[in-house]
Structures are given as C-alpha cells and as structure tokens.
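Chain by chain, the residues run as shown.
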Amino acid sequence: VIQRVPLWGGVDWGETNSRTVLTIGGYFGSDTRFSPIFIRVYSAEECDPVFLIEDIKKWVVLFGVRGLGCDVGHGFGLNSQLAVDLGMDRVFPIRYVGSSSSRLVFAGGNKWEWNANRSQVLGELFMDIRKGRFRFPKWSQFEEHAKDFL
C-alpha cells in the first residue's frame, strides 16, 4: 500500500530570456529530509505565460500539491492567475526583501503574500543542505539543475 504524503511545490519565475523552474517534493516516511521528486525546467522558448500557467497547473493537480510557493519578482501577474485557478489557499506568493524581518503581509481580502529576508533564507537553505536536510537525486539526474545554485 502506498501512503500518500503531502507534497509541496515551488516556482522560480524566469525573466524574458531565462528559465522558469517548478520543483515538487515532500517528506517521506520517517525521513526528515526534504526530497524533491519532480523538477521541471522551462527553457526561455517555453516561457509563454499561457503555456507556463497551464503546464504548472497540470503538474500541481497531477501530483496533488498542497501548497505552491511562488517567487513574486517576475511572476506577479502569473501568481495571481495561478491563485485564481488553483485557489488562494494553495498558492503562496513570496517576495524576497532586504530587510531584517520576515512577516506575513495581508493586502486586503484573502490576497496575501510572504515577505522573506533574502539573505537569511539563502543562508539557512545552504546550512540545511550542508546538514543533510535535503535528499537530492543521483548526480547524473541532478547535475543540470544543480548548476542553477552551485
């Protein structure tokens, strides 16, 4: 019997000539490490907004993703469309800021976004990687994606 675990996703929107990345993963069994199970890199040629929205929605629904953190930077309007299509309770816009605080900001009604200190988040991410809190695929499968942050 396969036990269904909560899956979480993230979207890093690319600019006009750069790549957008969708990552989906979760915590499996007693393993306390986050394990990505799906990474989709959209080439610059695939960065048509209509195509991106439809394709990301397809994968989020297929995997049953509970929450999708989305970079606000270049995805402002795209995040809004994903929230309309998938639900405000499933799409979490994240704005990376230079301040020393990270807080939840409500912008009227049910629309909200997270503000996260970019330096603090990246520092903690790399520390978690060093401490083995992430489980990565085999290098032969991951090498193409690793160059984005190594």
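First things first, this report covers the structure right here in the doc. (Residues numbered from 1 in each chain as written. Predicted model: local features only at pLDDT ≥ 70, side-chain atom pairs only at ≥ 80, totals over all residues. Heavy atoms only, no water.)

1. Considerations on the pairing of strand β4 (residues 67-71)
The condition is simple: The cut-offs for exposure are 20% and 50% of the maximum accessible area for each residue type, with area from a 1.4 Å probe on protein chains only; residues under the lower value are buried, those over the upper are exposed, and the others partly exposed. Secondary structure counts use DSSP, requiring at least four H or I residues in a row for a helix and at least two E residues in a row for a strand, with both numbered from the N terminus. Whether two strands pair comes down to DSSP finding at least two bridges between them.
Within β4, five of the five residues are buried, which leaves the element mostly enclosed by the surrounding structure. Going residue by residue along β4, you find Gly67, Gly69 and Asp71 tucked away on one face and Leu68 and Cys70 tucked away on the opposite face as well. With four bridges joining them, strand β1 (residues 7-12) and β4 adopt parallel strand pairing. Considered in β4, the bridge of Val11 is made with Cys70. As judged from the four bridges shared by β4 and strand β5 (residues 91-97), these two strands associate in the parallel manner. Across the sheet, residue Gly69 finds its bridge partner in β5, namely Phe92.

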